[in-house]
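These are the residues of each chain, in order.
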Amino acid sequence: LIDIRVKLIATVVTIFFIVSVPKSSYVIFCSYFLLCIITALIFKPDFIKFIKRLFRLYLIPFFLSVFIPFAGRGKVLYEINLNIITVQITDNGLATFYSVLIKSFLSLFLLCALIVSTDEREIFWGLRKLYVPKIVVSIIFLMYRYLFLFKDEFEIGKRAVN
């Protein structure tokens, strides 16, 4: 059994290094992917729950980054003329888009492995043992606790509408 403090530090440090990789460094991303798989195997999460949570959460960065290929400067690869505006997909925009997708996937991969394999109270206890200020841990705890309240209220409202 791995101490929660080791899990937290390993997760945060690995995510820091993943996020600091320059775009278009796909060999480094592959090595970090292998490291994430090894870390997830060490954490031993419930596989089905882990995969469901990972792909459900991955939709958020995917849909938020859909417009990145149109925003970058660089060599124009494809151009769409829409009478009102011309939209261009550039090589730099695509490289940034792929980098954002890979970094968010790897970061969510590690976070999901940590969360699925560890009890919430243990995570909060580990944060306190790592000397994270008590107020910060309390805020995170309250956000986590009330997230389920909002989810329940949403379900009630959805049932009422139906």
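Residues numbered from 1 in each chain as written. Predicted model: local features only at pLDDT ≥ 70, side-chain atom pairs only at ≥ 80, totals over all residues. Heavy atoms only, no water.

A.B. asks: How do you make sense of the nonpolar core when you look at a structure like this?
C.D. replies: Burial of nonpolar side chains together is a common tendency in soluble globular proteins. Membership of the largest hydrophobic core comes to 28 residues, with the highest contact counts inside it found for Phe 50, Leu 54, Leu 106 and Phe 109. Going through the elements one at a time, helix H1 (4–19), helix H2 (26–43), helix H3 (47–64), helix H4 (91–117) and helix H5 (120–129) are the ones with two or more residues in this core. What Leu 54 contacts, discounting residues up to four positions off in sequence, is Phe 105, Leu 108, Phe 109 and Cys 112. (Core = buried A, V, L, I, M, F, W, Y, C linked by side-chain atoms within 4.5 Å. Buried < 20%, exposed > 50% of the residue type's maximum accessible area, 1.4 Å probe, protein only. Helix = DSSP H or I, 4+ residues; strand = E, 2+ residues; numbered from the N terminus. Contact = heavy atoms within 4.5 Å.)

A.B. asks: Sorry, what's going on with unusual backbone geometry here?
C.D. replies: Most of the time, phi is negative for any residue but glycine, and the peptide bond is trans. The phi dihedral of Asn 83 falls on the positive side, at around 55 degrees, and the residue is not glycine. Tracing the chain through its elements places Asn 83 in the loop between strand S1 (76–81) and strand S2 (86–90). Residue classification places Asn 83 among the exposed positions, given a relative accessible area of 79%. The phi angle at Tyr 131 is positive, at roughly 65 degrees, despite the residue not being glycine. Mapped onto the elements, Tyr 131 comes out in the loop between H5 and helix H6 (134–161). Since its relative accessible area comes to 74%, Tyr 131 is described here as exposed.

A.B. asks: Just checking my understanding: could you explain the packing of H1 against H5 for this structure?
C.D. replies: Helix-helix packing: each pair is described by the crossing angle between the helix axes and the interaxial distance. Two numbers describe how H1 lies on H5: the axes approach to 9 Å, and their chain directions differ by 80 degrees. One element, H1, and the other, H5, form an angle in the roughly perpendicular class. Where H1 abuts H5, its residues Ile 4, Arg 5 and Leu 8 lie against Glu 122, Ile 123, Trp 125, Gly 126, Leu 127 and Lys 129. Of the residues assigned to the contact of H1 with H5, the class counts are five nonpolar, one polar and three charged. (Axes fitted to C-alpha atoms, helices over the stretch in contact; angles between N-to-C directions. Parallel < 35°, antiparallel > 145°, perpendicular 65-115°, else oblique. Nonpolar A, V, L, I, M, F, W, Y, C, P; charged D, E, K, R; others polar.)

A.B. asks: What is the right way to read the pairing of S1 from this model?
C.D. replies: In regular strands, side chains alternate between the two faces of the sheet. Alignment of S1 against S2, held across five bridges, turns out to be antiparallel. Directly across from Ile 80, in S2, lies its bridge partner Val 87. In this antiparallel pair of consecutive strands, S1 and S2, the connection spans four residues, and Asn 83 shows a positive phi of 55 degrees. (Pairing = 2+ DSSP bridges.)

A.B. asks: Looking at this structure, I do not really get the packing of H3 against H4. What am I missing?
C.D. replies: One way to put it is that H3 packs onto H4 with a least axis distance of 9 Å and a crossing angle of 145 degrees. Between H3 and H4 lies a crossing of right-handed hand. Note on element contacts: H4 touches H3 through Leu 101, Ser 104, Phe 105, Leu 108, Phe 109, Cys 112, Ala 113, Ile 115 and Val 116, opposite Lys 49, Phe 50, Arg 53, Leu 54, Phe 55, Leu 57, Tyr 58, Pro 61 and Phe 62. By residue class, the composition of the contact of H3 with H4 is 15 nonpolar, one polar and two charged. (Left-handed = near helix turned anticlockwise from the far one by under 90°.)

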